[in-house]
Amino acid sequence: MKKKLVSGLLVAAMSLSMLAGSIVSLADEATDAVLKDGDTTEILMVWPGSNASPASMQEVEDAMNELIAPVADAKIKLQIIEWGAYDDQINLMLSSGEKLDIFLGTSNIRERGQRGQLYDIAEDVQTYAPDAYAAMERYINACYFDGALYGLPIYRDMAAQAGLICRKDILDETGFTVDDVKTMDDVEKVIEKVHELHPEMYALIPSDLKSGCLLNYIKGQFDDISSGVGVAMDDDTSDGVTVVNIYDTDEYKEMAKVAYDWNQKGYFMPDSTTNTTPRQDILKANNAFGYFGNYHPGIVTQEVMNTGMDIVAMPITEKSLSTQSVNNIEWLVAAQTENPEKTLAVLNLLYSSADFQNLFRYGIEGKDYEVKDAEKGIAGYPEGVTSATVGWGNEMWLSGNASVGYAWETDPEDVFEKYSEFNDTATLSPLYGFIYDTSNVKNEITAISNVKDKYKAIIENGDADPETAVAEFNEELKAAGIDHIIEDVQAQADAWLAENK
Amino acid sequence: MNSKKKKMLKRAIPLYIMVAPGFIYLLINNYIPMLGIVIAFKNLNFSKGILKSDWAGLSNFEYLFKAPDAFLITRNTILYNVAFIVVNTVVAIVIAIILSEIRSKMKVKIFQSCVLIPSLISIIIVSYLAYAFLSGRTGFINGSLAAAGKDTISFYTEPKYWPAILIFINCWKGAGYSSIIYLAAILGIDQEMYEAAEIDGATRWNKIRFITLPMLKSTVITLTLMNVGRIFYSDFGLFYQVPMNSGALINATNTIDTYVYRGLIELGDISMSSAACVYQSLVGFVLVLTANWVTKKLSSENALF
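Summary of the structure given here. From a predicted model like this one, the values you see are computed outputs, not experimental measurements. (Residues numbered from 1 in each chain as written. Chains lettered and ligands numbered in written order. Predicted model: local features only at pLDDT ≥ 70, side-chain atom pairs only at ≥ 80, totals over all residues. Heavy atoms only, no water.)

Focus on the overall build of chain B
A count of helices and strands for chain B gives 13 helices and two strands. By the compact-globule yardstick of 19 Å for 305 residues, chain B is too spread out, its C-alpha radius of gyration being 25 Å. Projected onto its principal axes, the C-alpha coordinates of chain B cover approximately 80 × 65 × 35 Å. Relative to its 305 residues, chain B shows a buried fraction of 40%. Look at the contacts in chain B between residues 6 or more apart in sequence, and 66% of them connect residues 24 or more apart. Accessible area for chain B stands at about 17,900 Å²; split by element, carbon and sulfur atoms hold 69% of it. Charged side chains in chain B number 27 positive and 16 negative. The centres of these two groups are separated by 10 Å. (Helix = DSSP H or I, 4+ residues; strand = E, 2+ residues; numbered from the N terminus. Rg over C-alpha atoms; globule rule 2.2 N^0.38 Å. Buried < 20%, exposed > 50% of the residue type's maximum accessible area, 1.4 Å probe, protein only. Contact = heavy atoms within 4.5 Å. Areas by Shrake-Rupley, 256 points an atom, 1.4 Å probe, with all protein chains shown as cover. Lys, Arg positive; Asp, Glu negative; His and termini not counted. Charge placed at Lys NZ, Arg CZ, Asp CG, Glu CD.)

Given below as structure tokens:
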């Protein structure tokens, strides 16, 4: 009797699993029929780079096509556009409707979507790019614009945090260590000492061109939704959120005071707000100690490569994850795509196939890179190849899902765990997932952009008396209609919260 | 049709053929794109196409007038352009007269090239040349001031110097080019007039005052009328790059073009930027008509049309 029961259960279990299996294979057959329809579709993939025709381009393309062939009847065509021309070229391609399937979107995703220039993949993504969807699932929620999904976010440093990034040799001279520096007060102690030891050097330089040295000071405290209107990261959502003008908060005024004080003491590079020399070059020229900028797990590798100096980094502000920090860079599908299903299948490979990912990021194995440690998954340049002579190379932040491929030898071994941890432990914005629709306030945004250009850099560099400058700034923001934006954001955020709670 | 007319037409055919490429170019490049004006009145949606996008009425123009800085940017644009027209015309005529008085052909060529070179330099390079003079730390002017024991001037944070600086740079860059046109006009003046004046005992100054300048009048009017048509436009590079987009200078350097750029770089709204262009063209068109009308009243033979 018992035996019978067991065998009965077994039969039931087996038939159940067969049933499940046949459902899966049915679905597979359906997608297969679409992807392998016998017609070879060309898929054009476009992204920005510093070299529009790297040596290994054709080889990479051919190797990618070999990987695509078993999955879909498609042929990929790669096109790199130089940085300076990228935005204009993409706008032109989107506006003219010429051939374009996948491209790296770095700005105006919502506006492009509203103008009908992007393809909504919301319905198809789970069918044709299931692995990519699974890999990015945690972040995809922040990418729905008005219910439409135009592309996939990228595995990179999505959380935002600011820190002190500086030269190790000089930090050692001051007697401080990396572990001593945890707050802004610590930073002040360090740069005070640096200024004393090296008066000929700029203690702090701006992280970005034509901006103030403390541009990143309030990073992590607010989620800037649009034009300086946002919410505090620690806003308690149980009674709704309070939308504020960030430039009119105590935190911003405090920053203005610190900036003025430090500038008066001579810690900043003079003329920061009109400076056009990139920070890496100033550091390289032995003219500066460090800067207060973006902190992420790969920052040290990146800055060592850029400056050739021994660099250390210390996180200072809170880590935060906002909608914008996730969705501001995405691989997007263009509206004119000929075959969205096959396009998605190619994206799926970029996000889930180790071989495809390595091809995209590092190029041809044995020529552009070689595996240094197969077990740990670490790659590096072959003998005699350098970053200047290599025939291919894309940075991690645009490579889709770099975590399925090799890590680079200069990164820490566990770099991908570090990135995951960095993103996963960040404080979520109270409005994480909320995407603001700017269409009601376009006039205000244009006026405010002008006001910001006038005051922001000066205040964040302490070039003006903080009391009067911040007050004037806010007066002009009000005249430009910032209150209207606050009301509009508040209304949309309330509606969003009511729907998503 | 009589045979005479037929003959005329036959003779004109080669001329029409010669005109054709230029005419076709004008049609394709200058007339067909005018249809794009509709973009300024629509909410452009690429999936619907330009013609089928929804009409937006005048809402795309709103931001140009609602802005608190609307008066400031309009005033800046117009005043700078008026100053540019006056200063450039005077300087260009002076250069042209000086060049025309030089007898050595070799020297004329050298001077001509010298005054022409600035107009060939990219505005980005001009901005760095200016920076080399004006920068607070390494600039030539502040270096000299410091060496002489005087206080240095922070040019990039002091708006009061900028009207003069921008007018100077624009003149340095543009006057040479227009001086060539004036020089051509001067060389076209009948030499007999000068000879006759000389016999009457005219000095060099008298000849300039009573022959050259009056003869240049129509060229001046033509060039000025053409410049008036662009009075509502501003040289973006000059007003954005040369002041290094310094926030402290915005009140002195913000013009319609820089305002639109600063505002729309965030939104990337094509309809709104088209609206700005339509507005500029419209005002330019009206101004040209008005200026021409005034010219016609004052001296009808010099009007453009």
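Digging into the sheet that holds strand S12 (residues 288-294) of chain A
Residue and element names in this part refer to chain A. In spatial order, the strands read S8-S12-S7-S13; together these four strands make up an open sheet with mixed pairing. Here the strands that pair on one side only, and so sit at the sheet edges, are strand S8 (202-205) and strand S13 (311-315). On average, each strand axis in the sheet is inclined to that of its neighbour by 20°, with strand direction left out of account. Sheet analysis places strand S7 (residues 162-167) next to S12, joined by five bridges and oriented antiparallel. The residue bridging Gly163 from the neighbouring strand is Gly293, located in S12. (Pairing = 2+ DSSP bridges. Axes fitted to C-alpha atoms, helices over the stretch in contact; angles between N-to-C directions.)

Regarding the side chain of Glu303(A)
All names here are of chain A. In this fold, Glu303 is placed in helix H11 (residues 299-307). At a separation of 3.1 Å, a polar atom in the side chain of Glu303 contacts the side chain of Arg279. Discounting residues that sit within four places of it in the chain, Glu303 has contacts with Ile165, Arg279, Gln280, Tyr291, Gly308 and Ile311. (Polar contact = N/O pair within 3.5 Å; in protein donor to acceptor, adjacent residues only side chain to side chain.)

As for the nonpolar core
Counting 89 residues, the largest nonpolar core has Trp47(A), Phe103(A) and Trp331(A) as the members making the most contacts within it. In terms of residue count, helix H13 (residues 340-352) of chain A provides more of this core than any other element does, seven residues in total. Membership of the second largest hydrophobic core comes to 78 residues, among which are Leu164(A), Leu431(A), Ile448(A) and Val260(B). (Core = buried A, V, L, I, M, F, W, Y, C linked by side-chain atoms within 4.5 Å.)

Structural notes on the interface of chain A and chain B
Taken together, the 30 residues of chain A in the interface contact 35 residues of chain B. Our count for the chain A to chain B interface comes out at two salt bridges. The tally of links from chain A across to chain B stands at nine residue pairs in polar contact (both at pLDDT 80 or more). Contributing elements (two or more residues each) for the side of chain A that touches chain B: helix H3 (83-96), helix H4 (109-114) and helix H16 (442-460) of chain A. Take the side of chain A that touches chain B: its biggest share by element is eleven residues, from H16(A). Of the residues in the side of chain A that touches chain B, the class split is nine nonpolar, 13 polar and eight charged. (Salt bridge = Lys/Arg side-chain N within 4 Å of Asp/Glu carboxyl O. Nonpolar A, V, L, I, M, F, W, Y, C, P; charged D, E, K, R; others polar.)

Looking at the packing of aromatic side chains
Across all of its chains, the model carries 31 aromatic pairs over all chains by this definition. With a centroid separation of 6.1 Å and 55° between ring planes, the pair formed by Tyr369(A) and Tyr406(A) is classed as tilted. Residue Tyr369(A) is located in the loop between helix H14 (354-362) and strand S16 (370-373), and its partner Tyr406(A) is located in the loop between strand S17 (378-380) and strand S18 (407-408); the two are separated by 37 residues in the primary sequence. For the pair shown, Tyr369(A) and Tyr406(A) are each scored as buried. With a centroid separation of 4.9 Å and 75° between ring planes, the pair formed by Phe65(B) and Tyr279(B) is classed as edge-to-face. Linking Phe65(B) in helix H2 (residues 62-66) with Tyr279(B) in helix H13 (residues 270-298), this pair joins segments that are 214 residues apart in sequence. Residue class for Phe65(B) comes out partly exposed when judged on its relative accessible area of 48%. Following the ring pairs from residue to residue traces out a cluster consisting of Tyr362(A), Tyr369(A), Tyr381(A), Tyr406(A) and Trp408(A). (Phe/Tyr/Trp six-rings, centres within 6.5 Å; stacked < 30°, edge-to-face > 60°.)

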